[in-house]
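Coordinate inspection notes
Listed below, chain by chain, are the residues.
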Amino acid sequence: LSGALFSNATINANINTEAILDQKTGTLQLIQLKSQINNLSATGKMNVSQLNNTPVFNGELQVAQFDMQEFLKSIGLQLSQATSPALTKVQADLNFSIDQTAVKFSNLRAIVDNSIVNGEIQLTSNQPGFVNLNIDQINLPFDIKNQLKLLYQIQMENSTAVSLDIKTKELMSDLLSIGYL
């Protein structure tokens, strides 16, 4: 990515929801949540508990198909190597949970151009995170050599627990054995 976030950006945002606040139990429900930020539209619901202490957020989110390159450009960023129509068809459905120590995305199902991604992601503040993604195919618009190196580094060198079920694992192994990577 290159650029300065929100420099020369125009942000058009609209969020609509029905909210139910219960001050006695310290809970907030956002139902029929609908949001639009530039060309990104999402629907879902969210429950917030422990409002009187340390809030915990749980919910579901459905992101309608949108052009990620267009969205990034609208907020002042752009993919530095984008030379083809990559990331022009992105959509996702997921569950999320956010508390003081972790951000979790579960039941993730995303379509990124022609690839289908399923799995979960957990980022924690006090220990390594966890990424478990199944990707049916990789249609990379960038230099394949650099992308395969990146995947290899994520799998082998990162302290974060990573599990990638990608049909190119064997390809990476073969390319490493012949010295291509």
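For the structure itself, consult the block above.
The sections below set out a description of the structure shown in this document. (Residues numbered from 1 in each chain as written. Predicted model: local features only at pLDDT ≥ 70, side-chain atom pairs only at ≥ 80, totals over all residues. Heavy atoms only, no water.)

**Some details on the pairing of strand S2 (residues 27–37)**
- In this structure, strand S1 (residues 13–22) lies alongside S2, joined through 9 bridges in antiparallel fashion. When the sheet's bridge partners are listed, Leu21 is paired in S2 with Leu28.
- In sequence, S1 turns back onto S2 through a hairpin of 4 residues, with Gly26 there showing a positive phi of about 70°.
- Joining the antiparallel neighbours S2 and strand S3 (residues 40–49) is a turn of 2 residues, in which Asn38 adopts a positive phi near 50°. (Pairing = 2+ DSSP bridges. Helix = DSSP H or I, 4+ residues; strand = E, 2+ residues; numbered from the N terminus.)

**Some thoughts on the packing of aromatic side chains**
- Taken as a whole and judged by the stated rule, the model has 1 aromatic pair.
- Judged by centre distance (6.2 Å) and plane angle (85°), the rings of Phe66 and Phe71 are edge-to-face. Comparing Phe66 with Phe71, the two get one shared label, buried. (Phe/Tyr/Trp six-rings, centres within 6.5 Å; stacked < 30°, edge-to-face > 60°. Buried < 20%, exposed > 50% of the residue type's maximum accessible area, 1.4 Å probe, protein only.)

**Details of the nonpolar core**
- Leu40, Val63 and Phe66 are the most contacted members of the largest nonpolar core, which has 21 residues in total.
- Going through the elements one at a time, S3, strand S4 (56–66), helix H1 (68–74), strand S5 (90–98), strand S6 (102–112) and strand S8 (130–135) are the ones with two or more residues in this core.
- Apart from residues no more than four positions distant in its own chain, Leu40 is found in contact with Ser35, Val63, Phe66 and Phe71. (Core = buried A, V, L, I, M, F, W, Y, C linked by side-chain atoms within 4.5 Å. Contact = heavy atoms within 4.5 Å.)

**Quick look at the environment of Ala42**
- Relative to the helices and strands, Ala42 is located in strand S3.
- By relative accessible area, which is 8% here, Ala42 ends up buried.
- In this view, Ala42 contacts Leu33, Lys34, Ser35, Leu61, Gln62 and Val63; residues no more than four positions away in its chain are not counted.

**What about the environment of Val112?**
- By the element assignment, Val112 lies in strand S6.
- Judged by its relative accessible area of 24%, Val112 falls in the partly exposed class.
- Residues Val112 and Leu87, 25 residues apart in the sequence, show an inter-C-alpha distance of 6.2 Å.

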